[in-house]
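Listed below, chain by chain, are the residues.
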Amino acid sequence: MADEKTLIDVSHPLPPTLQNILDQTSLKWIFCGGKGGVGKTTTSCSLAIQLALCRESVLLISTDPAHNLSDAFGQKFSKEATLVNGFNNLYAMEIDPSGSIQELIEQADEGSGGAMGSMMQDLAFAIPGVDEAMGFAEIMKHVQSMQYSVIVFDTAPTGHTLRFLSFPTVLEKALGKISQLGGRFGPMIQQMSSMMGAPAGGQEDMFAKLESMRAVITEVNAQFKDPEKTTFVCVCISEFLSLYETERLVQELTSYEIDTHNIVINQLLFPAKDSTCEHCLVRHRMQQKYLNEAHELYDEFFHIVRLPLLTEEVRGPAKLEAFSQMLVKPYVPPS
């Protein structure tokens, strides 16, 4: 067999584990993301379990509309934080960032007798991306009010994740525009609201709420760009498209000024030396080719964690806990 370069040299500069995340106690926000189907949920759940061993309290949030946390732990989660079975300091919740905008508009209606809701809707949807961004704002307000040591996000596939991470900037600009409109047209809106029978003060209350939301988003935006508080774990598999997507993700995160210095490569095959499975050997050689490329690209600045393809699904707290050990102790394939 040509070019039988089966095992990667593990002596690269940075340790091939996520121990650096556990050691960085200043971290508040940790994102796990990548192309669909690469094991983001297993990685984020496993990382949250390891963090629960060394942090006072951990919240794991799924922002992926597909929501796999419930399946992973074998326990139903909702948009309210719920204690994970078998743990006393690990909580999980599943939320849809794009689903919160309607709630915000309904609240505006209630506070203004229906006059503000339609105006808010027109303003919101006139600015591209602000519908999801305002949903994001409601989530962040909710999360900010909770007292957790660290929050782990199991994010949607790459495109959605990048949009999610751009929301603070989008929303900051949008709310600034809306606040300016409030200052400029506030008296006219108040007069129109009164003529339509809306209760007095509804418009001021609404703009005050938007201004307080902007303050939260400004703070979150600053924290996302602070490497002491935020980091992003890129998850992939050793294939061309996944590696390409990872490089795109790394470049985009850098442009957003979001720290990333960990890459998890899942589903690696390690056939036995005497294996006669041609399919396994061919796939192993292909994986090693892209694994070598990943090391050439990222060795100097990234911790590269290599995880094996297992013979059974990683589901339930016990299996996730066992799998999580490989995030902090390098996996050694059987000889």
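The rules behind these values
Residues numbered from 1 in each chain as written. Predicted model: local features only at pLDDT ≥ 70, side-chain atom pairs only at ≥ 80, totals over all residues. Heavy atoms only, no water. UniProt positions renumbered as here; feature names shortened; annotations may be inferred. Helix = DSSP H or I, 4+ residues; strand = E, 2+ residues; numbered from the N terminus. Buried < 20%, exposed > 50% of the residue type's maximum accessible area, 1.4 Å probe, protein only. Contact = heavy atoms within 4.5 Å. Salt bridge = Lys/Arg side-chain N within 4 Å of Asp/Glu carboxyl O. Phe/Tyr/Trp six-rings, centres within 6.5 Å; stacked < 30°, edge-to-face > 60°. Lys NZ or Arg CZ within 6 Å of the ring centre and 35° of its normal. Pairing = 2+ DSSP bridges. Axes fitted to C-alpha atoms, helices over the stretch in contact; angles between N-to-C directions. Parallel < 35°, antiparallel > 145°, perpendicular 65-115°, else oblique. Nonpolar A, V, L, I, M, F, W, Y, C, P; charged D, E, K, R; others polar. Core = buried A, V, L, I, M, F, W, Y, C linked by side-chain atoms within 4.5 Å. Disulfide = S-S within 2.5 Å.

Colleague: Honestly, the UniProt feature "binding site: Zn(2+)" (unreviewed entry) in the protein in this entry has me stumped. Any pointers?
Modeller: In the numbering used here, UniProt assigns the "binding site: Zn(2+)" (unreviewed entry) feature to Cys-277 and Cys-280. Structurally, Cys-280 can be placed in helix α10 (residues 278–298). On the basis of relative accessible area, Cys-280 is assigned to the partly exposed category, the value being 22%. Beyond its immediate stretch of four places on either side in the chain, Cys-280 contacts Leu-269 and Pro-271.

Colleague: It is not clear to me how the pattern of salt bridges should be interpreted in this structure. Could you clarify?
Modeller: A side chain of one charge can pair with a side chain of the opposite charge if their charged atoms are brought near each other. Under the counting rule described, the total for this entry stands at 5 salt bridges. Between Arg-283 and Glu-239 there is a salt bridge whose closest N-O contact spans 2.4 Å. A residue pair is termed long-range when its members are at least 10 positions apart, and Arg-283 in helix α10 and Glu-239 in the loop between β6 (230–237) and α9 (240–255) qualify at 44 residues. The exposure class of Glu-239 is partly exposed, given its relative accessible area of 26%.

Colleague: It is not clear to me how the packing of aromatic side chains should be interpreted in this structure. Could you clarify?
Modeller: Each pair of aromatic rings is reported with the distance of its centres and the angle of its planes. All told, the structure shown has 11 aromatic pairs when counted by the stated rule. Here Phe-31 and Phe-232 contribute two aromatic rings whose centre-to-centre distance is 6.1 Å and whose plane-to-plane angle is 10 degrees, an arrangement assigned as stacked. Taken as a pair, Phe-31 in strand β1 (residues 29–33) and Phe-232 in strand β6 lie far apart in primary sequence, 201 residues in all. The pair formed by Phe-31 and Phe-232 is uniform in burial state, with each residue classed as buried. Through a chain of ring-to-ring contacts, the aromatic side chains of Trp-29, Phe-31, Phe-153, Phe-224 and Phe-232 assemble into a single cluster. Of note, Lys-28 hangs over the ring of Trp-29, and the distance from its end group to the ring centre comes to 6.0 Å.

Colleague: Just checking my understanding: could you explain the sheet that holds β1 for this structure?
Modeller: Two orientations exist for strands paired in a sheet by backbone hydrogen bonds: parallel and antiparallel. If you trace the 8 strands from one edge of the open sheet to the other, you get β3-β4-β2-β5-β1-β6-β7-β8, paired in mixed fashion. Strand pairing shows two members of the sheet lacking a second neighbour, β3 (82–83) and β8 (303–308), which therefore form its edges. Note that strand β2 (residues 58–62) and strand β4 (residues 90–94) share 5 bridges and pair parallel. From the neighbouring strand, Ser-62 faces β4, where its bridge partner is Glu-94. Packing against the sheet, helix α2 (residues 40–52) makes contact with β1, β2, β4, β5 (150–154), β6 and β7 (262–268), and its axis sits at approximately 170 degrees to β5. The sheet contacts of α10 involve β7 and β8, and relative to β7 the element is tilted by about 175 degrees.

Colleague: Could you clarify how one ought to interpret the packing of α2 against helix α11 (residues 317–328) in this entry?
Modeller: Two numbers describe a pair of packed helices, the interaxial angle and the distance between the axes. Contact geometry for α2 and α11: axes closest at 8 Å, N-to-C directions at 85 degrees. Between α2 and α11, the crossing angle belongs to the class labelled roughly perpendicular. Between α2 and α11, the contacting residues are Thr-42, Thr-43, Cys-45, Ser-46, Leu-47, Ile-49 and Gln-50 on the first element and Pro-317, Leu-320, Glu-321, Phe-323, Ser-324, Gln-325, Leu-327 and Val-328 on the second. Class assignment of the residues belonging to the contact of α2 with α11 gives a composition of 8 nonpolar, 6 polar and 1 charged.

Colleague: Looking at this structure, how should I read the UniProt feature "active site" (unreviewed entry) in the protein?
Modeller: The feature "active site" (unreviewed entry), as given by UniProt, occupies Asp-64 in the numbering adopted here. Among the secondary structure elements, Asp-64 is positioned in the loop between β2 and α3 (69–73). On the accessibility criterion, Asp-64 (10% relative accessible area) is buried.

Colleague: Looking at this model, I keep getting lost on the environment of Ser-149. Mind explaining?
Modeller: Among the secondary structure elements, Ser-149 is positioned in the loop between α6 (130–144) and β5. On the basis of relative accessibility, which here comes to 23%, the residue Ser-149 falls in the partly exposed class. Each C-alpha atom of the pair Ser-149 and Val-58 lies 6.0 Å from the other, and the pair is 91 residues apart in sequence. Look past the residues within four positions of Ser-149 in its chain and what remains in contact with it is Leu-27, Lys-28, Arg-55, Glu-56 and Ser-57.

Colleague: Help me understand the nonpolar core, please; the structure alone is not making it clear to me.
Modeller: Most often, soluble globular proteins keep nonpolar side chains buried together rather than apart. Membership of the largest hydrophobic core comes to 36 residues, with the highest contact counts inside it found for Ile-30, Leu-47, Leu-51, Phe-73 and Leu-90. Those residues in contact with Leu-90 that sit more than four places away from it in its chain are Ala-48, Ile-49, Ala-52, Val-58, Phe-73, Thr-82, Leu-83 and Val-84. One finds Val-143, Cys-234, Ile-258 and Ile-304 within the second-largest nonpolar core, a separate group that totals 34 residues.

Colleague: I tried to follow the state of the cysteines on my own but got confused; where do I start?
Modeller: Cysteine pairs can be linked by a disulfide, which is a covalent bond between their two sulfur atoms. Taken as a whole and judged by the stated rule, the model has 1 disulfide. Each disulfide pairs two cysteine sulfurs, and for Cys-277 the partner residue is Cys-280, the sulfurs being separated by 2.5 Å. Between Cys-277 and Cys-280, the S-S dihedral sits near 70 degrees, and the bridge is therefore right-handed. The exposure class of Cys-277 is partly exposed, given its relative accessible area of 28%.

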